[in-house]
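Okay, here's what each chain looks like letter by letter:
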Amino acid sequence: MLSQTAIFLAAAVLMVPIARKLGLGAVLGYLAAGVLIGPWGLGLISDVGAILHFAEFGVVLFLFIIGLELQPSRLWVLRRQVFGLGSAQVLVSTVAIGGIALGLGVGWRAALVVGLALAMSSTALVLQSLAEKQQLTARHGRDAFAILLFQDLAVIPILALLPMMASDGGVDFEILNLLKAIAIIAAVVVGGRTLLRPAFKWIATLGSRETFTAAALLVVIGTTLLMEFAGLTASLGAFLAGVLLADSEYRHELEADIEPFKGLLLGLFFIAVGMSANLGLLRGDALPILGIVLLLMVLKFVVLYVLGRVTDCSNRSSRKLAVALAQGGEFAFVLFQLAHQHGLLSTAQTDWLVVVVTLSMLAAPLLFLLEDRLLAPRFDEKDAPRPFDTVDDPSQAVLIAGFGRVGQIVARLLALKHIPFTVLEASPTQVDYVRQFGSKVYFGDASRLDVLHAAGIQHAKLFVLAIDDVEASLKTAELVRRHYPSLPIYARARNRFHAYKLMDLGVKLLVRETWHSSVALAEQVLLGMKLPAAEVKAAIARFSQFDEANLKRQHAVYQDEAALVQNVKQASEELRSLFEADAADAAGTSREAA
C-alpha cells in the first residue's frame, strides 16, 4: 500500500506541474500520470478497478464543494443564461450526439447516456483557460460559466436517472421506490435546514478544528448513505448537503476543510481514469477513434456557435464560446463508469468513450491555440467596429466618464437624489454587462472630443472623471481642461502618482481611490485596540489633514526622485513629531484633571 501511494504521489508531482507549465491544466496532468503508471504505460499499478472504486469518493466531495458554491442568490442573478442557454446547450447536444449514436446501432438507453455524457464540458479546464486569458468577464466567458453551471446542476438528475434506467423493462418508476426517494430527499432538505447550522454552530464553539473537519465529512458521508438507501446516487446526497450549507456562515470554512481531501481524492480519481483508458485501442482502431473525437468536437462547436448567434452574441464571442466548450468533460468519466456498473454500457463501449473524452480534453488546449493564432487574426479583422451609442438626451447636469466601481457608486447616489446625468463607458463588454442590471450607460470614448460633444458636455455643470485606466484618464482630463477650462472636473485617482499627474493638468477636485477606505480601516483597527474614541478621532483627523497638505507639497517635487525621497523622510519625521506632541499634551491634560 505504501509503495503504491508513493507511486501515485510521484506520478502526480511529476506530471501535474508539467501539464500546468504547458497550459494544459491539472486534470490532464492527472490523466497523463495515470496513463504513465497504468497497464498501458509502465505497468506499475495493476488493480485499477479497486483504486477507481475508492477514488470515487473524490467525486462525491467534488459535488459537495459544487453544492457549497451554488448559492441560490448566485443562481438567481444568472438565471437566464444558466437555465436558458445552459439547458439549450445540454438538450441540443444530447439530441444530436444521441441521435448519431442511435444511427450507429447503439441501443436507446446507451445512446441517451452517451448523448448526456458527451454534452458535458470540462469545468476545470475551461474556467482555468479563460481565467489565464482574462476572458471570464467577457461575453463568451460569462456565457461559458453559465453553461458550465447548468451542466453541474444537470449532472445530479442524470446521476439519479442512471439506476432507474438499468432495468430491462425500461425506466423503473415504481411508485413505492419513487415515494421513498422523495421522502428521503425531503427529510434531508428539512433536516439540513433545521439541524445542520445549529450543529455546526455548537461544534464551532468547541474550538477544535479536527472535530469541525470530522463533522463536515460525517455530513457528506451521512447524506450519501441516505441517498443510496433511497436507491439514488451518493453524488446526489453530497450535492444536496452542499446546497443546504451554501448560505451558511461556515461555508468558507467547510470548503477549506474539505478541499484537501477533495483535491487529493479527485486527483486520484483522474489518475485511475487515466490508468483505465485502454490506449491499446489506438493500435488497431486509431482512425475510427480519432474520427469520433473530431466529430464530437465539430458537432459541439456547431451547436454552441449557433446558440451563441441565436442569443445575440457577436460572431467573435460565439466562436470563442464554441471553442471553449467543444471538448468532453470530467463528468463524462463518472457517468460512463456508473453506466457500465449498471449495465447500460458494455466494457468495450466504456473503453472507447473514455479514450474519446480523454483525447478531446487533450485536444482542447490545441483548439484554444488555433483560435488565438489562426481564427482570431483571420476573422476578427473583418468584424466592423461597434459604433458608439447615440445619447438620448445630451443636456444633463452631470457627465460621468467611466462606469466601473467608482462611477457606478457616483451614478447611484445621483439617481437617488434625482439629479440627471449621462454616463460614457469605453468598454463594450462592461456596457453590455451593466445593462443586464438595468443601468443606463452609453458606449463611447470620453477621450474623443466629438463623443463628448455628442454626450452634451457643453450643457454639463460638472464632469466626473472615473476612468480606471490611468493613461485614458489623463488624456480625457487634458482634453476637457483644454476645451472646457471653466468646467469643474471631479476626478478619481488610482494612486498618488496618478493624483500628481491630474494636478499637473489643473484638476484640483480629486479623490484617491483607496485613501478613504484605508483611513476608515485604520480607524476601526485603532478602535479595535481599545483606544479611546476621542483619541482615535483626533489621530485620524490629524493624519488626514497632514496627508492632504503633504500631497500638495510633494506634487511640487514628485518629478525629482531625490527631492521626493527627502520630502517623504522629512514628512514622516514631522508627522511622528506631531503625534508625539499630541500625546504629550494629552498626558499633561490628564495630570491637570487629576
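Structure shown above.
Residues numbered from 1 in each chain as written. Predicted model: local features only at pLDDT ≥ 70, side-chain atom pairs only at ≥ 80, totals over all residues. Heavy atoms only, no water.

K.L.:
How would you summarise the nonpolar core if you had to cite specific residues and measurements?
P.N.:
Core analysis: the largest hydrophobic core is formed by 112 residues, its most contacted members being L325, F333 and F336. In terms of residue count, helix α8 (residues 139-165) provides more of this core than any other element does, 13 residues in total. When residues no more than four places from it in sequence are discounted, the contact partners of F333 are L31, F269, F270, V273, V354, V357, T358 and M361. Y442, A446, I467 and I489 belong to the second-largest nonpolar core, a separate cluster that totals 31 residues. (Core = buried A, V, L, I, M, F, W, Y, C linked by side-chain atoms within 4.5 Å. Buried < 20%, exposed > 50% of the residue type's maximum accessible area, 1.4 Å probe, protein only. Helix = DSSP H or I, 4+ residues; strand = E, 2+ residues; numbered from the N terminus. Contact = heavy atoms within 4.5 Å.)

K.L.:
Quick rundown of the pairing of strand β1 (residues 398-401)? Include the residues and the values.
P.N.:
Neither face of β1 is exposed, since V398 and I400 on one face and L399 and A401 on the opposite face are all buried. The pairing of β1 with strand β2 (residues 421-425) spans four bridges and is classified as parallel. If you follow L399 over to β2, its bridge partner there is T422. Running through helix α17 (residues 405-416), the crossover from β1 to the neighbouring parallel element β2 is right-handed. Pairing between β1 and strand β4 (residues 462-465): four bridges, direction parallel. In the strand pairing of β4, I400 is matched with V464. (Pairing = 2+ DSSP bridges. Right-handed = clockwise from strand over helix to strand, strands pointing away.)

K.L.:
How would you summarise the packing of aromatic side chains if you had to cite specific residues and measurements?
P.N.:
The description of an aromatic ring pair uses the distance of the two centres, along with the angle that the planes make with each other. Taken as a whole and assessed by the stated rule, the structure comprises three aromatic pairs. Note on F83 and F150: the rings are 6.3 Å apart at their centroids and 85° apart in plane angle, and the pair reads as edge-to-face. Taken together, the residues F83 in helix α5 (residues 79-103) and F150 in helix α8 connect sequence positions 67 residues apart. A relative accessible area of 43% places F83 in the partly exposed class. Ring centres 6.4 Å apart and planes at 5° place the aromatic pair F301 and Y305 in the stacked group. Taken together, the positions of F301 and Y305, both in helix α13 (residues 281-310) and four residues apart, correspond to about one turn of that helix. Judged by relative accessible area, which is 25%, F301 ranks as partly exposed. If you follow R553 out to its NZ or CZ, it ends over the ring of F546, 5.5 Å from the centre. (Phe/Tyr/Trp six-rings, centres within 6.5 Å; stacked < 30°, edge-to-face > 60°. Lys NZ or Arg CZ within 6 Å of the ring centre and 35° of its normal.)

K.L.:
Please set out the sheet that holds β2 residue by residue, giving values where relevant.
P.N.:
Sheet architecture is open: six strands sit in the order β3-β2-β1-β4-β5-β6, paired in parallel fashion. Among the strands making up the open sheet, the edge pair consists of β3 (442-443) and β6 (509-512). In this sheet, β3 lies alongside β2 in parallel orientation, the contact comprising two bridges. The partner of E425 across the bridge, within β3, is F443. In this fold α17 packs onto β1, β2, β4 and β5 (489-493), with an angle of close to 160° to the strand it touches most, β1. (Axes fitted to C-alpha atoms, helices over the stretch in contact; angles between N-to-C directions.)

K.L.:
I'd like to hear about the pattern of salt bridges, residue by residue, with values.
P.N.:
Tallied over the full model, the rule gives 15 salt bridges. Between E513 and R492 there is a salt bridge; the shortest N-O distance is 2.8 Å. Of this pair, E513 sits in the loop between β6 and α22 (515-528) while R492 is found in strand β5, placing the two residues 21 residues apart along the sequence. Note on E513: relative accessible area 23%, which makes it partly exposed. R492 gets classed as buried once you look at its relative accessible area, which sits at 5%. In this structure, the salt-bridge partner of E548 is R512, at a minimum N-O distance of 3.3 Å. Of this pair, E548 sits in helix α23 (residues 533-555) while R512 sits in strand β6, and the two are 36 residues apart along the sequence. (Salt bridge = Lys/Arg side-chain N within 4 Å of Asp/Glu carboxyl O.)

K.L.:
How would you explain unusual backbone geometry if you had to name every residue and give the values?
P.N.:
Positive phi outside glycine occurs at D312, with the angle close to 70°. Structurally, D312 is set in the loop between α13 and α14 (315-324). For D312, a relative accessible area of 67% puts it in the exposed group. In this structure, H418 is a non-glycine residue whose phi angle is positive, near 60°.

K.L.:
Account for the side chain of Q554, naming residues and giving values.
P.N.:
When you line up the elements, Q554 lands in helix α23. Looking at Q554, the relative accessible area reads 5%, which means it is buried. At a separation of 2.8 Å, a polar atom in the side chain of Q554 contacts the side chain of Y500. The residues touching Q554, leaving out its near neighbours within four places in the chain, are R496, Y500, L564, N567 and V568. (Polar contact = N/O pair within 3.5 Å; in protein donor to acceptor, adjacent residues only side chain to side chain.)

K.L.:
I'd like a rundown of helix α1 (residues 2-21), residues and numbers included.
P.N.:
With 20 residues, α1 ought to run about 28 Å at 1.5 Å a step, and its terminal C-alpha atoms sit 29 Å apart, in line with that. Among all positions of α1, only F8, A11, A12, M15, V16 and A19 are buried. Relative to the axis of α1, the buried residues are bounded by an arc of 110° and lie together on one face. Residues of α1 that are exposed and point more than 90 degrees away from the buried face comprise L2, S3, V13 and K21. (Expected span 1.5 Å × (residues − 1). Arc of directions from axis to C-beta.)

K.L.:
Provide a residue-level description of the packing of α14 against helix α16 (residues 347-379), including the pertinent values.
P.N.:
Contact geometry of α14 with α16 gives a least axis separation of 10 Å together with a crossing angle of 165°. Here α16 runs roughly antiparallel to α14, going by the angle between their axes. Handedness of the crossing formed by α14 with α16: right-handed. Taking contact as the criterion, the partners of R319, K320, V323 and A324 in α14 are, on α16, L367, F368, E371, D372, L375, A376 and F379. (Parallel < 35°, antiparallel > 145°, perpendicular 65-115°, else oblique. Left-handed = near helix turned anticlockwise from the far one by under 90°.)

K.L.:
Please provide a residue-by-residue account of the environment of A187, values included.
P.N.:
Structurally, A187 is set in helix α9 (residues 175-205). Residue A187 is classed as partly exposed on the basis of its relative accessible area, which comes to 49%. Between the C-alpha atoms of A187 and L226, which are 39 residues apart in sequence, the distance is 9.7 Å.

K.L.:
Explain a nonpolar patch on the surface to me, using residue names and the numbers behind them.
P.N.:
On the surface, L14, I18, L22, L36, L42 and L44 cluster together to form a nonpolar patch covering roughly 560 Å² of accessible area. Looking at the element boundaries, I18 is found in helix α1. On the basis of relative accessible area, I18 is assigned to the partly exposed category, the value being 41%. (Patch = residues over 30% accessible without salt bridge, like charges linked within 9 Å, V, L, I, M, F, W, Y side chains within 5 Å. Areas by Shrake-Rupley, 256 points an atom, 1.4 Å probe, with all protein chains shown as cover.)

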